[in-house]
Amino acid sequence: MKKNNFLIVIYCLLLSCSSVETQDRKEQEKQNKFIDFEILQTFQEEKSTNLKIVVKIPINKLVFEKKTNYFESNITLDVLINDSNNKIIFSNSWNERITKDFYEDTKTSEKVFLYHELDLDIGDYKVNLIINDFKNHINWMKKTKFSVNEQYGLSDISILYKEDDIYKNYKENININNIDSLWISFQINNPNKSDLECSY
């Protein structure tokens, strides 16, 4: 009888811990709603599809450190992608450095855009995104499901601008008055190798 009572107590404790952990995770995800991220299919090859992960974070959520002539924030992004069988098929970690010239620029609600490219086969996936500011003990997490589908015709369109002879993704918070030209990048996908008719 005592053994049964002991097992019941242990079971209740486990349920309680699980419930607390679930509530904590839900609360954390709720607090992280200010982070937006999307996954775009850019072009398709014979065996895989090129994807672009776009992460958008409000600048005023970052912690900046004063340097000699500017303000700097450093974060680390981790991406973990599982397939429909829950097998890890992609994981990567990289650092991002965001700089601003003036203190008031660090308090704006405008978003900084961060990009990462990868290749995946057609299928269904789950992605976990973790953003860390290790120095300031800040951690954000986002997760979602997405599918990579066979594309036919026009791919997603990217808008680019040129800076120091380098093409960069145009971001909605960039002042267009300082840009004299914009370019678009896209691909016409024809996986079946059939005749395509394009009109404009």
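Further up the page is the structure itself.
In what follows, the accompanying structure is described. These numbers were taken from a predicted model, which means no experiment stands behind them.

Rules behind the numbers
Residues numbered from 1 in each chain as written. Predicted model: local features only at pLDDT ≥ 70, side-chain atom pairs only at ≥ 80, totals over all residues. Heavy atoms only, no water. Helix = DSSP H or I, 4+ residues; strand = E, 2+ residues; numbered from the N terminus. Buried < 20%, exposed > 50% of the residue type's maximum accessible area, 1.4 Å probe, protein only. Contact = heavy atoms within 4.5 Å. Areas by Shrake-Rupley, 256 points an atom, 1.4 Å probe, with all protein chains shown as cover. Pairing = 2+ DSSP bridges. Polar contact = N/O pair within 3.5 Å; in protein donor to acceptor, adjacent residues only side chain to side chain. Axes fitted to C-alpha atoms, helices over the stretch in contact; angles between N-to-C directions. Phe/Tyr/Trp six-rings, centres within 6.5 Å; stacked < 30°, edge-to-face > 60°. Lys NZ or Arg CZ within 6 Å of the ring centre and 35° of its normal.

### A short note on the overall build of the chain
Turning to step 1, where the next piece is worked out: Assigned secondary structure in the chain consists of one helix and 13 strands.
Turning to step 2, where the next piece is worked out: Secondary structure elements of the chain, listed N to C terminal, follow the sequence α-β-β-β-β-β-β-β-β-β-β-β-β-β.
Turning to step 3, where the next piece is worked out: When the 200 residues of the chain are sorted by exposure, 31% land in the buried category.
Turning to step 4, where the next piece is worked out: When contacts within the chain are restricted to residue pairs at least 6 apart in sequence, long-range pairs at least 24 apart make up 62% of them.
Turning to step 5, where the next piece is worked out: When the accessible surface of the chain is summed, it comes to about 14000 Å², and 49% of that surface belongs to carbon and sulfur atoms.

### Considerations on the pairing of strand 8 (residues 138-148)
Turning to step 1, where the next piece is worked out: In terms of strand pairing, strand 7 (residues 123-133) meets strand 8 through 11 bridges, oriented antiparallel. Note on strand 8: the bridge partner recorded for Asp133 is Ile138.
Turning to step 2, where the next piece is worked out: Between strand 7 and strand 8, which pair antiparallel in sequence order, lie four residues; one of them, His137, sits at a positive phi of approximately 55 degrees.

### Considering the side chain of Lys56
Turning to step 1, where the next piece is worked out: Tracing the backbone shows Lys56 in strand 2 (residues 49-58).
Turning to step 2, where the next piece is worked out: Reaching out from Lys56, the side chain makes a polar contact with the side chain of Glu38 at a distance of 3.2 Å.
Turning to step 3, where the next piece is worked out: Setting aside residues up to four positions removed in sequence, Lys56 forms contacts with Phe34, Ile35, Asp36, Glu38, Lys111, Val112 and Phe113.

### Focus: the pairing of strand 4 (residues 71-83)
Turning to step 1, where the next piece is worked out: The buried fraction of strand 4 amounts to 10 of the 13 residues, a majority that puts the element mostly inside the structure.
Turning to step 2, where the next piece is worked out: As paired strands, strand 3 (residues 65-66) and strand 4 are joined by two bridges and run antiparallel to one another. Looking at strand 4, one finds that Glu65 is bridged to Glu72.
Turning to step 3, where the next piece is worked out: A loop of four residues connects strand 3 with strand 4, the two strands running antiparallel in sequence.

### Comments concerning the sheet that holds strand 1 (residues 36-44)
Turning to step 1, where the next piece is worked out: One open sheet accounts for three strands, arranged 1-2-6; its pairing is antiparallel. Looking along the sheet, the strands with just one partner apiece sit at the ends: strand 1 and strand 6 (111-120). Neighbouring strand axes in the sheet, compared pairwise and without regard to direction, differ in orientation by 20 degrees on average.
Turning to step 2, where the next piece is worked out: In this sheet, strand 6 lies alongside strand 2 in antiparallel orientation, the contact comprising 10 bridges. Its bridge partner lying in strand 6, Lys56 is registered against Phe113.

### Here's the deal with unusual backbone geometry
Turning to step 1, where the next piece is worked out: The backbone of Asn86 sits at a positive phi, close to 65 degrees, despite the residue not being glycine.
Turning to step 2, where the next piece is worked out: Checked against the element boundaries, Asn86 lands in the loop between strand 4 and strand 5 (88-100).
Turning to step 3, where the next piece is worked out: The class for Asn86 is partly exposed, based on a relative accessible area of 48%.

### Examining the packing of aromatic side chains
Turning to step 1, where the next piece is worked out: As enumerated under the stated definition, the model contains three aromatic pairs in all.
Turning to step 2, where the next piece is worked out: Seen from their ring centres, Tyr125 and Phe146 are 5.5 Å apart, and the 25 degrees between their planes marks the pair as stacked. One end of the pair, Tyr125, is in strand 7; the other, Phe146, is in strand 8, and 21 residues separate them in sequence.
Turning to step 3, where the next piece is worked out: The positively charged end of Lys61 is found above the aromatic ring belonging to Phe34, 4.7 Å away from the centroid.
Turning to step 4, where the next piece is worked out: Lying over the aromatic face of Phe71, Lys66 brings its terminal NZ or CZ to 5.3 Å of the ring centre.

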